[in-house]
Amino acid sequence: MPPTKRPQLVVLISGSGSNLQAFIDAIKSGTLNADITGVISNKAGVLGLDRAKKSGIATEVVDHRNFPDRTSFDQALANRIENYQPDLIILAGFMRILTSEFVDRFAGRIMNIHPSLLPKYPGLHTHQRAIEAGDSIAGATVHFVTGELDGGPAIIQAEVPIFPGDDADALASRILVQEHQIYPLAAQWFCEGKLSLKNGVPQLDNEPLPASGFSFS
Ligand code: GRF
C-alpha cells in the first residue's frame, strides 16, 4: 500500500511569523502531523519569511501594492496558493482583508487566529481596546474564515487574565503564548479529520461546537 499522504498546509503571513514558528515547531515535535509546503507573504523582508527559509520551506511574496485592486490581488494570491494544492490554508498574522470570491474558492479550508475573544473586538488594536474597556479577561480565537472580517465560526478559544497596569504589549505577549498552543492544535484536529465545517458550523468529533468554540485551558 502506498503511504498515506500527509496533509499539506500553506501559511499566509505579513509579519513576524511567531505563529508560523509554532506550526514549524509542532510539526518537528510530532504534535502536528502535516507539512507546510509554502509560506506566502504580502510583504517582502519580514521575519516570518526568514523563519520559513530556515526550515527549508518554499517562500513567495505577493505584494498587494502591485495590484490595482483587492479582487486582482486575491485572484493572484489564490492562483499561487492553488499551485501547492493545500488541504488547509493558515492565516497567521496575514493583514489583508480577503474577498468573498477568495474565501469561497477555499470554503471550509481556511483558518485564522485573532487576538481577542471573538465576537469581542474584531479588527485592529484588540489588546488596547480590551484594556481601555476595563476587561479583566482577554484571549485568542481560532476560527474558520468566512467573508466577514474576523466573523467566521469559532473553533477554539483560550483566555488569559488582564492584570492592572498591563499595556497592550504585555497583554499581546501573554496572549501569543496561548495562540501558539491553540492554533497548531486546531490544525491538527482538521488534519486528522476530527474537525470540519458543515453548513457553516464547526463540528468536532461529529458534534457541533458551541458558538465560542472549544474552550482551551
Ligand atoms: C497574532 O497576534 C495573531 O493573532 C494576529 O496577528 C498576530 C500575528 O503574530 N492575527 P505573528 O506574526 O504570528 O507573530
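Structural data are supplied above this passage.
Residues numbered from 1 in each chain as written. Predicted model: local features only at pLDDT ≥ 70, side-chain atom pairs only at ≥ 80, totals over all residues. Heavy atoms only, no water.

1. Regarding the packing of aromatic side chains
The line we're drawing: Put simply, two rings from Phe, Tyr or Trp (the six-membered ring, in Trp's case) pair if the centres are within 6.5 Å, and we call them stacked under 30 degrees between planes, edge-to-face over 60, tilted for the rest. Each residue is assigned to one of three classes by its accessible area relative to the maximum for its type, calculated with a 1.4 Å probe on protein chains only: buried under 20%, partly exposed between the two thresholds, exposed over 50%. Criterion for a charge above a ring: Lys NZ or Arg CZ within 6 Å of the ring centre, and within 35 degrees of the ring normal.
Taken as a whole, this structure holds five aromatic pairs when the rule is applied. Judged by centre distance (5.2 Å) and plane angle (55 degrees), the rings of Phe 102 and Phe 106 are tilted. Given the relative accessible area of 2%, Phe 102 is considered buried. Across the ring face of Phe 73, the terminal group of Arg 96 is positioned such that the distance to the ring centre comes to 5.9 Å.

2. Quick look at the nonpolar core
Generally speaking, soluble globular proteins have nonpolar side chains that are buried together. Put simply, the rule is: For the purposes of this section, nonpolar cores are sets of buried Ala, Val, Leu, Ile, Met, Phe, Trp, Tyr and Cys residues that join through side-chain atoms within 4.5 Å. Counting from the N terminus, the helices are DSSP H or I runs at least four residues long and the strands are E runs at least two residues long. A contact between two residues is defined here by any heavy atoms of the two lying within 4.5 Å.
Counting residues in each nonpolar core, the largest one holds 62 residues, and the members touching the most others are Leu 12, Ile 36, Leu 77, Ile 90, Met 111 and Ile 155. In terms of residue count, helix H6 (residues 168-191) provides more of this core than any other element does, nine residues in total. Beyond its immediate sequence surroundings of up to four residues, Ile 90 is in contact with Leu 9, Val 10, Val 11, Leu 12, Phe 23, Met 111, Tyr 183 and Ala 187.

3. Section: the layout of surface pockets
With a probe scaled to a water molecule rolled over the atoms, the places where space remains empty come into view. As a reminder, the rule being used: Grid points spaced at 1 Å and placed over the protein atoms alone form the basis of the search, with a cavity being a set where a 1.4 Å probe fits but cannot get out and a pocket an open set showing protein on both sides within 12 Å along at least five of seven lines. Lining residues have an atom within 4 Å of a point. Grid points are joined across faces, edges and corners, and a volume is the space filled by probe spheres set on the points. Residue polarity is assigned by list, with Asp, Glu, Lys and Arg as charged and Ala, Val, Leu, Ile, Met, Phe, Trp, Tyr, Cys and Pro as nonpolar; anything else, Gly included, falls into the polar class.
Counted as a void, the largest pocket has a volume near 880 Å³. Taken together, 35 residues form the lining of the largest pocket, with Gly 93, Phe 94, Met 95, Ile 113 and Pro 115 sitting closest to its centre. Secondary structure elements with two or more residues in the lining of the largest pocket: helix H1 (18-29), strand E5 (110-114), helix H5 (126-132) and H6. A per-class count over the lining of the largest pocket returns 14 nonpolar, 16 polar and five charged.

4. Quick notes on the site of the ligand
Let me state the cut-off plainly: Note on definitions. A residue lies near a molecule or strand when any single heavy atom of the residue is within 4 Å of it. Polar contacts, as used here, are pairs of N or O atoms within 3.5 Å; protein pairs need one atom able to donate a hydrogen and one able to accept it. Residues neighboring in sequence count only if both atoms are side-chain atoms. A 1.4 Å probe and the Shrake-Rupley method give the accessible areas. Residues count as covered only by the protein chains that appear here. In this scheme, a molecule is assigned to a cavity or pocket if more than half of its atoms are within 2 Å of the grid points.
As a matter of local geometry, the ligand sits amid Ser 16, Gly 17, Ser 18, Asn 19, Gly 93, Ile 113, His 114, Pro 115, Leu 176 and Glu 179. Side-chain polar atom of Ser 16 to an oxygen atom of the ligand: 2.6 Å apart, as the coordinates give it. Within the contact set of the ligand, an oxygen atom lies 2.6 Å away from a side-chain nitrogen or oxygen of Ser 18. In the complex, 83% of the free accessible area of the ligand, which totals 370 Å², lies under the protein chains. The pocket occupied by the ligand, as judged from atoms lying within 2 Å of grid points, is the largest pocket. Those elements giving two or more residues to the shell around the ligand turn out to be H1, E5 and H6. Residue composition of the shell around the ligand, by class: three nonpolar, six polar and one charged.

5. A word on unusual backbone geometry
Going from Leu 118 to Pro 119, the amide bond is cis rather than trans, its omega being 15 degrees. Look at Asn 199: it is not a glycine, yet its phi comes out positive at around 50 degrees. Mapped onto the elements, Asn 199 comes out in the loop between strand E8 (195-198) and strand E9 (201-204). A positive phi is found at Asp 205, a non-glycine position, where the angle reads about 50 degrees. Mapped onto the fold, Asp 205 is located in the loop between E9 and strand E10 (207-208).

6. What to know about the side chain of Gln 8
Inspection of the secondary structure puts Gln 8 in strand E1 (residues 8-13). Beyond its immediate sequence surroundings of up to four residues, Gln 8 is in contact with Asp 35, Thr 37, Tyr 84, Pro 86, Asp 87 and Leu 88.

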